[in-house]
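What follows is the residue order along each chain.
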Amino acid sequence: MRPESGFWVIRPFNAAFIACFAAFLLLLIISAIALRRKSERTKQIVLIAACVVTFLGFFVYKYYLSIDAEFDRVTTAMGGFNWWGELPLQLCNINMILIPIAVATKNRGLMSFCFFVGPLGALLALVMPGNGFDGYSILMPRMLGYYGTHFMVMIEGLALAAFGLYRPQFRDLPKTLLAILLITFAVFCINMLLRATGLHPKANYFFSVETEGNPVLEIFHHLIPYPFLYLLPGILVLVVYMAPITFGFWIADRAHEKKAVPA
């Protein structure tokens, strides 16, 4: 079946995409306002519950994907559907697991990773959807699952700051880079295990084994032509993304402090 046309068909930045984006951002805003005067514990419970619901929905979505004959045909070149290749270990959806841990333990390095990397990874997946997720009706089970999961991960990462559970500080940046490095290496090891055992010969979570034609990663691979190691320049580039956002929070905090000081 070829991609469709009509209002319900979703593509990056079309009407359906913008409507969904706005609806999820509105959900985040309403939730933040409703929880504004609630205790930190209540905010933690709400965010953890949202992640649990998203995590359960993720596997429902993957079940429907496993019986989707059209998706299997579209992804034949990549080996078709493979449960070992559909685990929540991609850059975006791993945050469904990490956010509850970060919030429960109040680990700033992990919260920083989830705040910066979670929404970024989810946004990249939304604006650059893979085969089988671009140009089809949002009402299809695989489309509801794909876009619902990524929009939820995006607002859950942002909710860390919106709920007041985490505010970026410059002292967090080294911890964040360490968290990124350790998590990426752990996922790389999982990739190698899946490949070595034959459970998923093309396992490539986090793109840590091969670039799959990604033009930016191709540049890094040209500089460092080794699995996992070629991602290191990209990890450092994240500092350029994190620093101005952290600076913006620093300015906002300073302005708030000045207002709080009696004249």
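Residues numbered from 1 in each chain as written. Predicted model: local features only at pLDDT ≥ 70, side-chain atom pairs only at ≥ 80, totals over all residues. Heavy atoms only, no water.

Chemist: Account for the environment of Ser 208, with residues named and values stated.
Modeler: Assignment of secondary structure puts Ser 208 in the loop between α7 (172-197) and α8 (215-223). Beyond its immediate sequence surroundings of up to four residues, Ser 208 is in contact with Phe 188, Asn 191, Pro 227, Phe 228, Tyr 230 and Leu 231. (Helix = DSSP H or I, 4+ residues; strand = E, 2+ residues; numbered from the N terminus. Contact = heavy atoms within 4.5 Å.)

Chemist: So what's going on with helix α1 (residues 15-34)? Which residues, and what values?
Modeler: Along an α-helix, a turn takes 3.6 residues, which lines up residues three or four apart on a common side. Helix length check: α1, at 20 residues, gives a terminal C-alpha distance of 28 Å against a target of 28 Å (1.5 Å per residue), a fit within 8%. Of the residues making up α1, those classed as buried are Ala 16, Phe 17, Cys 20, Phe 24, Leu 28 and Ala 32. Here the buried residues of α1 occupy an arc of 150 degrees about the axis, which is enough to place them on one side. Relative to its buried face, α1 has exposed residues pointing more than 90 degrees away, namely Ile 33 and Ala 34. Buried residues along α1 sit against β1 (9-10), α5 (108-127) and α6 (141-162). (Expected span 1.5 Å × (residues − 1). Buried < 20%, exposed > 50% of the residue type's maximum accessible area, 1.4 Å probe, protein only. Arc of directions from axis to C-beta.)

Chemist: Which residues make up the pattern of salt bridges, and what values go with them?
Modeler: Applying the stated criterion to the full structure yields seven salt bridges. A salt bridge links Glu 210 to Arg 195; the shortest N-O distance between them is 2.6 Å. Taken as a pair, Glu 210 in the loop between α7 and α8 and Arg 195 in helix α7 lie far apart in primary sequence, 15 residues in all. Classification of Glu 210 as partly exposed rests on a relative accessible area of 36%. Look at Arg 195 and you get partly exposed, because its relative accessible area is 24%. What you see here is one network of salt bridges that share partners, running through Asp 68, Glu 70 and Arg 142. (Salt bridge = Lys/Arg side-chain N within 4 Å of Asp/Glu carboxyl O.)

Chemist: Help me get a handle on a nonpolar patch on the surface, residues and values and all.
Modeler: A cluster of nonpolar side chains, namely Phe 59, Val 60, Tyr 63, Tyr 64, Ile 67 and Trp 83, defines an oily patch on the protein surface of about 580 Å² accessible area. The class for Val 60 is partly exposed, based on a relative accessible area of 46%. (Patch = residues over 30% accessible without salt bridge, like charges linked within 9 Å, V, L, I, M, F, W, Y side chains within 5 Å. Areas by Shrake-Rupley, 256 points an atom, 1.4 Å probe, with all protein chains shown as cover.)

Chemist: Describe in detail the packing of aromatic side chains, supporting the description with residues and values.
Modeler: Under the definition given, this model contains 22 aromatic pairs. For the ring pair Phe 17 and Phe 151, a centre distance of 5.9 Å and an interplane angle of 50 degrees mean the geometry is tilted. Taken together, the residues span a long stretch of sequence, with Phe 17 in helix α1 and Phe 151 in helix α6 at a distance of 134 residues. Ring geometry for Phe 115 and Phe 249: centres 5.9 Å apart, planes at 80 degrees, overall edge-to-face. Taken as a pair, Phe 115 in helix α5 and Phe 249 in helix α9 (residues 232-260) lie far apart in primary sequence, 134 residues in all. (Phe/Tyr/Trp six-rings, centres within 6.5 Å; stacked < 30°, edge-to-face > 60°.)

Chemist: Let's hear about the state of the cysteines: which residues, and what values?
Modeler: Per the counting criterion, the structure on display carries zero disulfides. Cys 20 forms no disulfide, and the closest cysteine sulfur to it belongs to Cys 92, at a distance of 17 Å. (Disulfide = S-S within 2.5 Å.)

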